[in-house]
Amino acid sequence: MTLQLEQLNKASTEEALQLLDGLYEHSPWIAEGALKMRPFASWAHLKHCMAQVLSDAGREAQIGLIRAHPELAGKAMVRKELTAESTNEQTKAGLTECTAEEFEKIHKLNAAYKQKFGWPFILAVRGPRGVGLNKHQIIASFERRLHGHPDFELAECLRNIHRIVEIRLNDKTGCHPDQGDEVWDWHEALAQHSDPGFKENGQLTVTYLTQAHLACSASIQSTMKSAGFDEVYVDAVGNVVGRYHPAQDGAKYLLTGSHYDTVRNGGKYDGRLGIYVPIACVKKLASTKSRLKFGIEVVAFAEEEGQRYKATFLGSGALVGQFNPAWLDQMDVDGVSMREAMKQAGLNEHDIPKIQRNPADYLGFIEVHIEQGPVLNEMNLPLGVVSSINGSVRYLCEMIGTASHAGTTPMDRRRDAAAAVAELALFMEKRAAQDGDSVATIGQLQVPNGSINVVPGKCLFSMDMRAPTDPQRDALERDVLQALDDICERRGLVCKREATLRAPAAPSAPEWQKRWENALKDLGVPLFVMPSGAGHDAMKLHEVMPQAMLFVRGENSGISHNPLESTTTDDMQLCIDAFAHVLHHLA
């Protein structure tokens, strides 16, 4: 008999504890604390309450919980002393069938990890899909995390415990993320396509109009068609467009989507999650022959990252009439122009103006995206509503001082270009922190022809400043530039600077942000509203129609633009449910 939410809410404390037995390894006190917060609005609400109990318990109790867990492929497993839940998990990961060499390697890793941190290594071995990581993935995670900082590893162990609990709760309730599983599988299939030079090394790179890019386009088209879209086509810049018609002709459409190109050696979910989540929702509608009073248009944008050509947001920009014809003459590293690449892909550059959308035909634009940061992960929240996409400004700079002998030039007579930039970097860090949600970064820093025994006479560097509103960004920029001028004057230096990007903030339309908030409330997911530090296709659509975004938690501390980028099928399912909620409430 599967556990029902109503059953849990109505049960006595003693009965409820029995129903939740086995979730946290030998630690029923967590469930007991969470039960004081009944009634639970959803299983997601219960999971968050349990995570909150553990968070409030303090470090000693947290370490105690971690130590209650057995080592992976350890002595307890060999002696068959594991709990039924742990036995099931380690068996599904193949740890009960290790070779002698694998046992020995894992044994040494366990010993090294425990010696360094004082607690056993914790990994949710059933993984993001719930079916089990393989031994290679487990050992690779072990080796990577062995080099972590103790505070980070403590938090990472706890996050993995919460994932273990999530999967165990699924087993108890019989609630499995079927649509989330399917979306996961679509991502895996799409990730098989990668550019030459990367694919051979097991790395994911898909840049504009390469063979891998065209293969991705074909795959997305196929998925859209099998999902039941009424129209599927590729437009003049390579965007894949799927349209699911409304109940009545002439009705407006809801526009959604994201990009399917990637950064070099990137992750599987950046952009692509925002394509497949709405496809899953359309598939569900089509399977029951349901129509809404508005249509749904999903656009898989062909280019957002600016990797092959310097034409960031090309796909979404074209929809708002911002395709720059000068881009066509850009050359990639192999000397292939964008014009030639488009011709080889069968695209007609003369049709590009025709794909500009008329905002009057649309209700608005919504986008789902993996967070690409640690906030949701650290807060144990699966979803976050985006309040605004940060406005940004970027500079490329050259600090000019005087190169001189490092041994003979007194400290008070130096004109050190690198030291000046270092001082600026520390100022930017401190100044951005004053706002709380502003960020400032010197991401590129180079001393041309630098030598170990020469005071740097020149330093090339970049500046990137972002904030949720344009006035906040402008104030940050103003203070940083003033500090730069002051540093130069005090140190006797000259700095040349060129503004290379100025993108306005894109605040979410209040009524659309509210729709996402209502979806989370009705799903029983704790509400959290946050700005987006990264740019997204929604920034472009924001210029012509209302927009709002939903973030999905990332695993591995929310890392993105990295092969470790990941999320779980449970979080994907919640995202699909939230998207479907918005659709049905609009209808």
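The following paragraphs examine the structure supplied in this document. (Residues numbered from 1 in each chain as written. Predicted model: local features only at pLDDT ≥ 70, side-chain atom pairs only at ≥ 80, totals over all residues. Heavy atoms only, no water.)

Details of the nonpolar core
Counting 98 residues, the largest nonpolar core has Tyr208, Met338 and Trp516 as the members making the most contacts within it. Those residues within four positions of Tyr208 in sequence are excluded, and the remaining contacts are His213, Val237, Ala302, Glu303, Arg308, Tyr309, Leu314, Met338, Met342 and Leu347. In this structure, Ile63, Cys98, Leu158 and Ile164 belong to the second largest nonpolar core, which totals 51 residues. (Core = buried A, V, L, I, M, F, W, Y, C linked by side-chain atoms within 4.5 Å. Buried < 20%, exposed > 50% of the residue type's maximum accessible area, 1.4 Å probe, protein only. Contact = heavy atoms within 4.5 Å.)

Comments concerning empty space enclosed by the protein
Leftover empty space is mapped by rolling, across the atoms, a probe with the size of a water molecule. Inspection of the entire model under this criterion finds two cavities of 30 Å³ or more. Approximately 160 Å³ is the volume attributed to the largest cavity. Lining the largest cavity are 15 residues, and of these His69, Leu72, Glu89, Leu123 and Ile164 lie nearest its centre. Those elements that provide at least two residues to the lining of the largest cavity are α7 (84-92) and α10 (150-173). When its volume is computed, the second largest cavity comes out at roughly 40 Å³. What lines the second largest cavity is Asp261, Thr262, Val263, Gly266, Gly267, Asp270, Glu305, Ser560, His561 and Glu565. Counted by class, the lining of the second largest cavity contains one nonpolar, five polar and four charged residues. (1 Å grid on protein atoms, 1.4 Å probe; cavity = no way out; pocket = protein on both sides within 12 Å on 5 of 7 lines; lining within 4 Å. Points joined across faces, edges and corners; volume = space filled by probe spheres on them. Helix = DSSP H or I, 4+ residues; strand = E, 2+ residues; numbered from the N terminus. Nonpolar A, V, L, I, M, F, W, Y, C, P; charged D, E, K, R; others polar.)

Description of the packing of aromatic side chains
Within this structure, the stated rule accounts for 10 aromatic pairs. Between Trp186 and Tyr276 the ring centres are 5.5 Å apart and the planes differ by 45°, which places this aromatic pair in the tilted class. Residue Trp186 is found in helix α11 (residues 178-190), and its partner Tyr276 is found in helix α13 (residues 273-287); the two are separated by 90 residues along the sequence. For the pair Trp186 and Tyr276, a shared accessibility class is recorded, and that class is buried. Here Phe323 and Trp327 contribute two aromatic rings whose centre-to-centre distance is 5.3 Å and whose plane-to-plane angle is 85°, an arrangement assigned as edge-to-face. In this pair, the class of Phe323 matches that of Trp327, namely buried. Lying over the aromatic face of Phe152, Arg159 brings its terminal NZ or CZ to 5.7 Å of the ring centre. Between Arg515 and the ring centre of Trp512, over which it is positioned, the NZ or CZ distance is 4.3 Å. (Phe/Tyr/Trp six-rings, centres within 6.5 Å; stacked < 30°, edge-to-face > 60°. Lys NZ or Arg CZ within 6 Å of the ring centre and 35° of its normal.)

Considering α10
Between the first and last C-alpha of α10 there are 34 Å, a value that for 24 residues agrees with the 34 Å anticipated at 1.5 Å per step. Counting buried residues in α10 gives 18 out of 24 residues, a clear majority hidden from the surface. Immediately beyond the C-terminal end of α10, within one or two residues, lies Gly174, with a positive phi of roughly 70°. (Expected span 1.5 Å × (residues − 1).)

Looking at helix α4 (residues 43-57)
Structurally, the α-helix is built with 3.6 residues per turn, so residues lying three or four positions apart point the same way. Here α4 contains 15 residues, and its C-alpha end-to-end distance of 21 Å stays within 8% of the 21 Å for a straight helix at 1.5 Å per residue. All buried positions along α4 are accounted for by Trp43, Ala44, Leu46, Lys47, His48, Cys49, Met50, Ala51, Val53 and Leu54. Buried residues in α4 make contact with α1 (5-10), α3 (29-35), α5 (59-67), α10, α16 (375-379) and α21 (569-586). The distance from a side-chain oxygen at the start of α4 to the backbone nitrogen of Ala44 is 3.3 Å, and the residue carrying that oxygen is Ser42. Where α4 terminates, the next one or two residues include Gly58, which has phi positive at roughly 95°. (Polar contact = N/O pair within 3.5 Å; in protein donor to acceptor, adjacent residues only side chain to side chain.)

Interpretation note: all reported values are geometric properties and have no functional meaning in isolation.
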